[in-house]
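# Architecture and fold: a report
Okay, here's what each chain looks like letter by letter:
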Amino acid sequence: MANRHKSYDVVLAKKFKNPKYAQGYLMHIMKKEQLSVEESLRETIKAMGLKEFSNRSGLSIQSVSDFVAKRQKWSVDKLSIHIKKVFNLEIKVSLKIPRSSKVA
């Protein structure tokens, strides 16, 4: 991620205090960039700030930093708990048959 000006970071941090904005940001980045839940969360944490996410989730900054830097992988359960806690969103796991489905 490119270095941003501090005033931009302050403005963005204020926006993330609005729960609807935080929800929308996470959902938008996931849909627009076609990222997984895990990757979308990493990008959202970078935007909102590790400290802010840490404060809201109850996780240590080190744990959040390790997740963002891909030194730590979170289970679906852990992702689900913290996405619910911070963004009030639920993860839904589903299966679908791909277009070119060949059964072994």
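One structure accompanies this document, and this report is about it. None of these values were measured; they are calculated from a predicted model.

Conventions and cut-offs
Residues numbered from 1 in each chain as written. Predicted model: local features only at pLDDT ≥ 70, side-chain atom pairs only at ≥ 80, totals over all residues. Heavy atoms only, no water. Salt bridge = Lys/Arg side-chain N within 4 Å of Asp/Glu carboxyl O. Helix = DSSP H or I, 4+ residues; strand = E, 2+ residues; numbered from the N terminus. Buried < 20%, exposed > 50% of the residue type's maximum accessible area, 1.4 Å probe, protein only. 1 Å grid on protein atoms, 1.4 Å probe; cavity = no way out; pocket = protein on both sides within 12 Å on 5 of 7 lines; lining within 4 Å. Points joined across faces, edges and corners; volume = space filled by probe spheres on them. Phe/Tyr/Trp six-rings, centres within 6.5 Å; stacked < 30°, edge-to-face > 60°.

### Describing the pattern of salt bridges
Tallied over the full model, the rule gives 9 salt bridges. A salt bridge links lysine 73 to glutamate 38; the nearest nitrogen and oxygen atoms lie 3.0 Å apart. Taken together, the positions of lysine 73 in the loop between helix H5 (61-68) and helix H6 (76-87) and glutamate 38 in helix H3 (residues 37-48) put the pair 35 residues apart, joining distant regions of the chain. We classify lysine 73 as exposed; its relative accessible area is 65%. The closest approach of N and O atoms between glutamate 39 and arginine 42, which form a salt bridge, is 2.7 Å. In this pair, glutamate 39 and arginine 42 are both assigned in helix H3, 3 residues apart and thus about one turn of the helix distant. Residue arginine 42 is classed as buried on the basis of its relative accessible area, which comes to 5%. Taken together, the shared-partner salt bridges connect Glu38, Glu39, Arg42, Lys70 and Lys73 into one network.

### Points about the layout of surface pockets
Within this model, the largest pocket holds a volume of roughly 160 Å³. Every residue lining the largest pocket is listed: Leu26, Met27, Met30, Val37, Ser40, Ile83, Leu89, Glu90, Ile91 and Lys92. At the level of elements, helix H2 (19-33) and H3 are the ones that each hand at least two residues to the lining of the largest pocket. Among the elements that take part in the lining of the largest pocket, H2 stands out by supplying 3 residues, more than any other.

### A few points about the packing of aromatic side chains
Per the counting criterion, the structure on display carries 6 aromatic pairs. Judged by centre distance (6.4 Å) and plane angle (25°), the ring pair of phenylalanine 53 and tryptophan 74 falls under stacked. Here phenylalanine 53 is found in helix H4 (residues 50-57), whereas its partner tryptophan 74 is found in the loop between H5 and H6, with 21 residues between them in sequence. Overall, tryptophan 74 belongs to the buried group, its relative accessible area being 3%. Ring centres of phenylalanine 67 and tryptophan 74 lie 3.9 Å apart, and the angle between their planes is 15°; on these two criteria the pair is classed as stacked. Among the aromatic residues, ring-to-ring pairing joins Phe53, Phe67, Trp74 and Phe87 into one connected group.

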